[in-house]
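Below, each chain spelled out in residue letters.
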Amino acid sequence: MPKTTPPRTYRIKSFGCQMNVYDGERMAELLGAQGIAPAPDGEEADLVVLNTCHIREKAAEKVYSDIGRIVKDARREGGAAPLIAVAGCVAQAEGEEIMARAPSVSMVVGPQAYHRLPEMLARAVDGDRVTDTDMPAETKFDALPPRGSGRRKVGPTAFLTVQEGCDKFCTYCVVPYTRGAEVSRPITDLIAEAARLIDAGAREITLLGQNVNAWTGKDGRGRALGLDGLVRELAAMPGLARIRYTTSHPADMTQALIAAHGEVDKLMPFLHLPVQSGSDRVLSAMNRSHTADSYLRILERVRAARPDIALSGDFIVGFPGETDAEFDETLRLVDAVGYAQCFSFKYSARPGTPAAQMDGQIAPEVMDERLARLQQAINRDQLAFNEASLGKTCEVLVEREGRHQGQMLGKSPWLQSVHFSGEAQIGEMVRVELAEAGPNSIGARLLEKVAA
Ligand code: 5AD
Ligand code: SF4
């Protein structure tokens, strides 16, 4: 590739999960520390980072169409094409293929190597094409500039990655290959990062991990801590009003964490606990270490600890070999739980995963039909959950302005999107009465501001 001048502006586009959003923010800080600024809205950036997702085929294909569009837009504008870096899980899984298929890409960087982006950038400016998909022993977290650097403020809600990687090896999933083995960040680093986020304006922190409830650490006296211990330490931090965590695995849902839901006020009454299927035969073929019944029993204990908890899940329809009767078991599980919200996906065969080699791959139209039926059930329950909240008063953390004049948006403790009209600033906590339920949001009456 020809030599270029060092980039002055960047744009980062993150796809997929919240961990990618977090990584995107850390990359932004890293580039900021190099004196590279975010490109102003509507202007071309000198460097574009596509922070990609590999979890389903459609997500992965987006990378190539995005690269094509970036190059085409630059040509149309008559300018030089920007430097393009592909980061994230597609970079990790398909680095070589990207380099072969997309000559306009000059950097490919995996999710565990992006702290090395500045060195890669220097080489790319010299005309090299560079790939780094190592999973180095030194963690990127130690090498990154301190959280919040290069930026004056963060929003009222912030993500904090506490754990990465996965050792569960569900047979359909690429995560154990793209993100590597389960690693927990030390508690001292997490408390320090949380303190910086709170100083910069965060009032709610969502702890992130592919298996966040597998987080382990040690307290000041060297005693083992689980996620419940981390939650309790964070809850003691003044200025922090709310704690959430995602995504959890049923196998790591300890009684101590369940108990924390009943005991720690700042821990919000919301649990995202993917189940994937309601059929034990399918769950076993997926290498999930739980049955439909053991999952339901965990939820019973969670509800005993925190009766008003809002439950959320992930589902895959059309896993290889899934019969109509097995899919009906999934619908029955949904009926039994009464979720507040859910994510549901058509099974996507991912290269290198055991399920991609299994017999009985399901026809797309069967998957479409099952997904539609599942989503109907989920939407029904989501609306019912929202309707059941009407008349409740609760706190809402104001996150942003709404589309209508004077309208403000935020989240209820149960993660419902709430909108209301009235005097309130972003970052304030207000008390509202939930008044009008839609499938995806709730209209509320502002009652009062809650003192910080
Ligand atoms: N196909 C469809 N959905 C998948 N998920 C993970 N891998 C696949 C796949 N190959 C879903 C699971 C998981 C969520 C993050 O994505 O439901 O919980
Ligand atoms: Fe993937 Fe299963 Fe690990 Fe979740 S628990 S990241 S679905 S392998």
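Residues numbered from 1 in each chain as written. Chains lettered and ligands numbered in written order. Predicted model: local features only at pLDDT ≥ 70, side-chain atom pairs only at ≥ 80, totals over all residues. Heavy atoms only, no water.

**Some thoughts on the overall build of the chain**
Assigned secondary structure in the chain consists of 13 helices and 21 strands. A compact globule built from 452 residues should have a C-alpha radius of gyration of about 22 Å, and the chain, at 23 Å, falls within 12% of that. With respect to the three principal axes, the spread of C-alpha positions in the chain is 65 × 60 × 50 Å. The buried share of the chain, reckoned over its 452 residues, is 54%. In the chain, of all internal contacts separated by at least 6 residues, the share reaching a separation of at least 24 is 70%. Counting only carbon and sulfur atoms, one obtains 51% of the accessible surface of the chain, whose full area is about 19900 Å². Computed over 52 positive and 60 negative side-chain charges, the separation of the two mean positions in the chain equals 3 Å. (Helix = DSSP H or I, 4+ residues; strand = E, 2+ residues; numbered from the N terminus. Rg over C-alpha atoms; globule rule 2.2 N^0.38 Å. Buried < 20%, exposed > 50% of the residue type's maximum accessible area, 1.4 Å probe, protein only. Contact = heavy atoms within 4.5 Å. Areas by Shrake-Rupley, 256 points an atom, 1.4 Å probe, with all protein chains shown as cover. Lys, Arg positive; Asp, Glu negative; His and termini not counted. Charge placed at Lys NZ, Arg CZ, Asp CG, Glu CD.)

**Thoughts on unusual backbone geometry**
It is generally the case that most residues other than glycine have a negative phi and that most peptide bonds are trans. The residue after T246, namely T247, is reached through a cis peptide bond having omega 0°. Within the secondary structure, T247 is located in the loop between β13 (242-246) and α9 (255-263). Within the chain, F169 stands out as a residue other than glycine whose phi angle is a positive 50°. With respect to the element layout, F169 can be found in the loop between β8 (163-164) and α6 (175-178). Residue classification places F169 among the partly exposed residues on the basis of a relative accessible area of 38%.

**Comments concerning the site of ligand 1**
The full set of residues close to ligand 1 is I55, R56, Y172, Q276, D314, I316, F345, K346, Y347, S348 and R350. One nitrogen or oxygen atom from the side chain of Q276 is found 2.6 Å from an oxygen atom belonging to ligand 1. Measuring from an oxygen atom of ligand 1, one finds a side-chain N or O atom of D314 at 2.6 Å. For ligand 1, whose free accessible area comes to 400 Å², the fraction covered by protein is 87%. (Near = heavy atom within 4 Å. Polar contact = N/O pair within 3.5 Å; in protein donor to acceptor, adjacent residues only side chain to side chain.)

**Here's the deal with the nonpolar core**
General note: in soluble globular proteins, nonpolar side chains tend to be found buried as a group. Counting residues in hydrophobic clusters, the biggest one holds 59 residues, and the most contacted among them are L207 and Y339. The contacts of L207, once residues within four sequence positions are left out, are L160, V162, V212, L227, L230, V231, L234, I243, R244, Y245 and T246. Counting residues in hydrophobic clusters, the runner-up holds 22 residues, among them M27, A124, V125 and L144. (Core = buried A, V, L, I, M, F, W, Y, C linked by side-chain atoms within 4.5 Å.)

**Re the domain arrangement of the chain**
The domain architecture assigned to the chain consists of domain 1 (9-132), domain 2 (153-388) and domain 3 (393-450). Centre-to-centre separation of domain 1 and domain 2, based on C-alpha positions: 28 Å. The interface is formed by 17 residues belonging to domain 1 together with 21 residues belonging to domain 2. Summed over both partners, the interface of domain 1 with domain 2 comes to about 1700 Å²; 55% of that surface belongs to carbon and sulfur atoms. Considering only the surface of domain 1 that becomes buried against domain 2, M19, Y22 and R56 emerge as the three largest contributors, covering 37% of it. The interface formed by domain 1 and domain 2 contains nine residue pairs in polar contact (both at pLDDT 80 or more). (Domains from an automatic or database assignment. Buried area = accessible area lost by both parts, 1.4 Å probe.)

**Quick word on the packing of aromatic side chains**
Under the criterion given, the structure shown has five aromatic pairs. Aromatic pair F319 and Y347: ring centres 5.6 Å apart, planes at 75°, arrangement edge-to-face. In this pair, F319 sits in the loop between β15 (310-317) and α12 (324-337) while Y347 sits in the loop between β16 (341-346) and α13 (364-388), placing the two residues 28 residues apart along the sequence. Accessibility classification places F319 together with Y347 in one group, the buried group. Across from the ring centre of F345, 3.6 Å away, lies the NZ or CZ of R56, which sits over that ring. One cation-aromatic arrangement involves R185 over F141; the distance from NZ or CZ to the ring centre is 3.9 Å. (Phe/Tyr/Trp six-rings, centres within 6.5 Å; stacked < 30°, edge-to-face > 60°. Lys NZ or Arg CZ within 6 Å of the ring centre and 35° of its normal.)

**Concerning the sheet that holds strand β6 (residues 130-132)**
Overall, parallel pairing links the six strands, which are arranged β2-β1-β3-β4-β5-β6 in an open sheet. With partners counted over all chains shown, the strands left at the sheet margins are β2 (37-38) and β6, one partner each. Pairing between strand β4 (residues 83-87) and strand β5 (residues 105-109): four bridges, direction parallel. The residue bridging A87 from the neighbouring strand is V109, located in β5. Helix α1 (residues 18-33) rests against β1 (9-14), β3 (47-52) and β4 of the sheet, and its axis sits at about 170° to β1. Contacting β1, β3, β4 and β5, helix α2 (residues 57-77) runs over the sheet at an angle of about 165° to β3. (Pairing = 2+ DSSP bridges. Axes fitted to C-alpha atoms, helices over the stretch in contact; angles between N-to-C directions.)

**A look at the site of ligand 2**
Neighbouring ligand 2 are C166, K168, F169, C170, Y172, C173, V175, P176, N211, H249 and R288. Class assignment for the residues of the shell around ligand 2 results in seven nonpolar, two polar and two charged. (Nonpolar A, V, L, I, M, F, W, Y, C, P; charged D, E, K, R; others polar.)

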